[in-house]
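Chain by chain, the residues run as shown.
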Amino acid sequence: MLITWESETELMLRGRSFAVMHTPNLGDILIFKADDKWISKLIAWGTFSDVSHAAMIYADGQMVEMGLDGIMDCKIRLGGGAASETAYQMRLTPARDAAPLIRAANRYLDAKIRYDIPALVLLGVALIYRHLHPSTRVYHLLEQLLTLACMEIDKLIAKLLGHPDAMVCSQFVYQVYQDCGDAYQINIHDGVLQAQASGAADGVRLMDFIPQAGAFTLAPLAAGNINVETLCHELYDAVHEAQAARETLPPPCTLTSTARGLYERMTDLAKAAGIPLEALRVMPADLAYHADNLQRVSEIEVERLERVR
């Protein structure tokens, strides 16, 4: 028999060192720390955090999350394992009945609705708000990444025309709570992207160049089929190299127009989906560090076991 929740006594008998684990409640949010994937590392870096993904406890030993193929729920084991990941366990305060949250998640699961904001788009949005230390290499790689993000948003808008129920909020968990009414709203204060707009910071922020940027025309990338993970690896290395070099180099016009293209597409996507633009800019770091009514209960190890549906 599979044991999904391990008690403190069980852990002690197994001789394992551990932090006190709080048994998750239904509806608890899990904010995962960035793993070894380069796109995950870049999302964390781009949002000044250590997190890159969110999920929600959906049933005993199960969580629901956005996967590559849409909304999915999977069996999980807490307490560590060969393939475990570290997550912050967050809980709405004051506590609310979890039943509306489960019903909201069920609606998306039962309808087999795709979750159509891929990590690439989330990363692109984060990086046009992030102050970057410039270099020719950073600008070149960033333009490729933003162009790919624009191409993805064009696909999303086309899908919405035929599938108006597609989920496009940048964070599935945030949308589930939004669906449950005012008492369940997650109150984000001074969010990651909002904070980037205020206060002095070193480097270049592409959002500051968008008002004066030229119109963007999407053209096929010369490199053909680009491996996103490889591109993210190169960009991750490049931004850290530039941070050490601290060059002074204005962004090229092609890059600022591409950033403008991404921002305009996000605006168009929000209109097509009938949601506020802010709903497309919620980051995992906002849920972990900028939500006034989410309490961090614990830090836990989560291992995905198998997909349920």
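Attention here is on the structure that accompanies the text. (Residues numbered from 1 in each chain as written. Predicted model: local features only at pLDDT ≥ 70, side-chain atom pairs only at ≥ 80, totals over all residues. Heavy atoms only, no water.)

1. Topic: the packing of helix 2 (residues 38-46) against helix 8 (residues 228-245)
Next, step 1: Remark: helix 2 packs on helix 8, axes separated minimally by 8 Å, with the N-to-C direction vectors making an angle of 40 degrees. Between helix 2 and helix 8, the angle is such that the two are oblique. Once helix 2 is placed against helix 8, the crossing between them reads as left-handed. Where helix 2 abuts helix 8, its residues Trp-38, Ile-39, Lys-41, Leu-42 and Trp-45 lie against Val-228, Glu-229, Cys-232, His-233, Leu-235, Tyr-236, Val-239, His-240 and Gln-243.
Next, step 2: Tallied by class, the residues present in the contact of helix 2 with helix 8 amount to nine nonpolar, three polar and two charged. (Axes fitted to C-alpha atoms, helices over the stretch in contact; angles between N-to-C directions. Helix = DSSP H or I, 4+ residues; strand = E, 2+ residues; numbered from the N terminus. Parallel < 35°, antiparallel > 145°, perpendicular 65-115°, else oblique. Left-handed = near helix turned anticlockwise from the far one by under 90°. Contact = heavy atoms within 4.5 Å. Nonpolar A, V, L, I, M, F, W, Y, C, P; charged D, E, K, R; others polar.)

2. A closer look at the nonpolar core
Next, step 1: Formed by 80 residues in total, the largest nonpolar core has its most connected members in Ile-31, Met-56, Leu-145, Leu-146, Tyr-177 and Leu-235.
Next, step 2: Residue contributions to this core peak at twelve residues, all from helix 5 (residues 136-162).
Next, step 3: When residues no more than four places from it in sequence are discounted, the contact partners of Leu-146 are Gly-124, Ile-128, Leu-206, Leu-255, Thr-258, Ala-259 and Leu-262.
Next, step 4: Residues Met-72, Cys-74, Ile-300 and Val-302 belong to the second largest nonpolar core, which totals twelve residues. (Core = buried A, V, L, I, M, F, W, Y, C linked by side-chain atoms within 4.5 Å. Buried < 20%, exposed > 50% of the residue type's maximum accessible area, 1.4 Å probe, protein only.)

3. Section: the pattern of salt bridges
Next, step 1: Taken as a whole and judged by the stated rule, the model has 13 salt bridges.
Next, step 2: Glu-306 is paired through a salt bridge with Lys-75; the nearest N and O atoms lie 3.9 Å apart. Within this pair, whereas Glu-306 is found in strand 6 (residues 294-307), its partner Lys-75 is found in strand 4 (residues 70-78), the two being separated by 231 residues in sequence.
Next, step 3: On the basis of relative accessible area, Lys-75 is assigned to the partly exposed category, the value being 33%.
Next, step 4: In this structure, the salt-bridge partner of Glu-152 is Lys-155, at a minimum N-O distance of 3.5 Å. With a gap of three residues between them, Glu-152 and Lys-155 both fall in helix 5, about one helical turn apart. (Salt bridge = Lys/Arg side-chain N within 4 Å of Asp/Glu carboxyl O.)

4. A closer look at unusual backbone geometry
Next, step 1: Following Thr-93, the chain continues to Pro-94 via a peptide bond in cis, the omega torsion being 0 degrees.
Next, step 2: Relative to the helices and strands, Pro-94 is located in the loop between strand 5 (85-92) and helix 3 (99-110).
Next, step 3: Backbone geometry at Phe-48 places phi at a positive 50 degrees, although glycine is not the residue there.
Next, step 4: Topologically, Phe-48 is positioned in the loop between helix 2 and strand 2 (51-59).

5. Considerations on helix 6 (residues 172-179)
Next, step 1: Among the eight residues that make up helix 6, six are buried, leaving the element largely enclosed by the rest of the structure.
Next, step 2: Within the sequence span of helix 6, burial applies to Phe-172, Val-173, Tyr-174, Gln-175, Val-176 and Tyr-177.
Next, step 3: Phi turns positive, to about 100 degrees, at Gly-181, one or two residues after helix 6.

6. Thoughts on the side chain of Ser-135
Next, step 1: By the secondary structure assignment, Ser-135 is in the loop between helix 4 (119-129) and helix 5.
Next, step 2: Judged by relative accessible area, Ser-135 falls into the buried class, the value being 8%.
Next, step 3: A polar contact of 3.0 Å, which involves the side chain of Ser-135, links it to the backbone nitrogen of Val-138.
Next, step 4: Ser-135 has contacts with Ala-242, Glu-247 and Leu-249, leaving out every residue within four places of it along the chain. (Polar contact = N/O pair within 3.5 Å; in protein donor to acceptor, adjacent residues only side chain to side chain.)

7. What about the environment of Pro-94?
Next, step 1: Residue class for Pro-94 comes out partly exposed when judged on its relative accessible area of 49%.
Next, step 2: Separated by 89 residues in the primary sequence, Pro-94 and Ala-183 place their C-alpha atoms 9.3 Å from one another.

8. Remarks on the packing of aromatic side chains
Next, step 1: This model, assessed by the stated rule, comprises three aromatic pairs.
Next, step 2: Considering the side-chain rings of Tyr-88 and Tyr-289, the 6.2 Å spacing of their centres and the 75 degrees angle between planes classify their relative orientation as edge-to-face. Of this pair, Tyr-88 sits in strand 5 while Tyr-289 sits in helix 10 (residues 284-289), placing them 201 residues apart in sequence.
Next, step 3: The exposure class assigned to Tyr-88 is buried, which follows from its relative accessible area of 4%. (Phe/Tyr/Trp six-rings, centres within 6.5 Å; stacked < 30°, edge-to-face > 60°.)

9. Description of the environment of Val-64
Next, step 1: Relative to the elements of secondary structure, Val-64 occurs in strand 3 (residues 62-67).
Next, step 2: C-alpha of Val-64 to C-alpha of Leu-109: the two residues are 45 residues apart in sequence and 8.8 Å apart in space.
Next, step 3: Among all residues touching Val-64, those that are not within four sequence positions of it are Ala-55, Met-56, Tyr-58, Ile-71, Met-72, Asp-73, Ala-105, Leu-109 and Phe-172.

So far we have only geometry, and geometry alone does not tell us how the molecule works.
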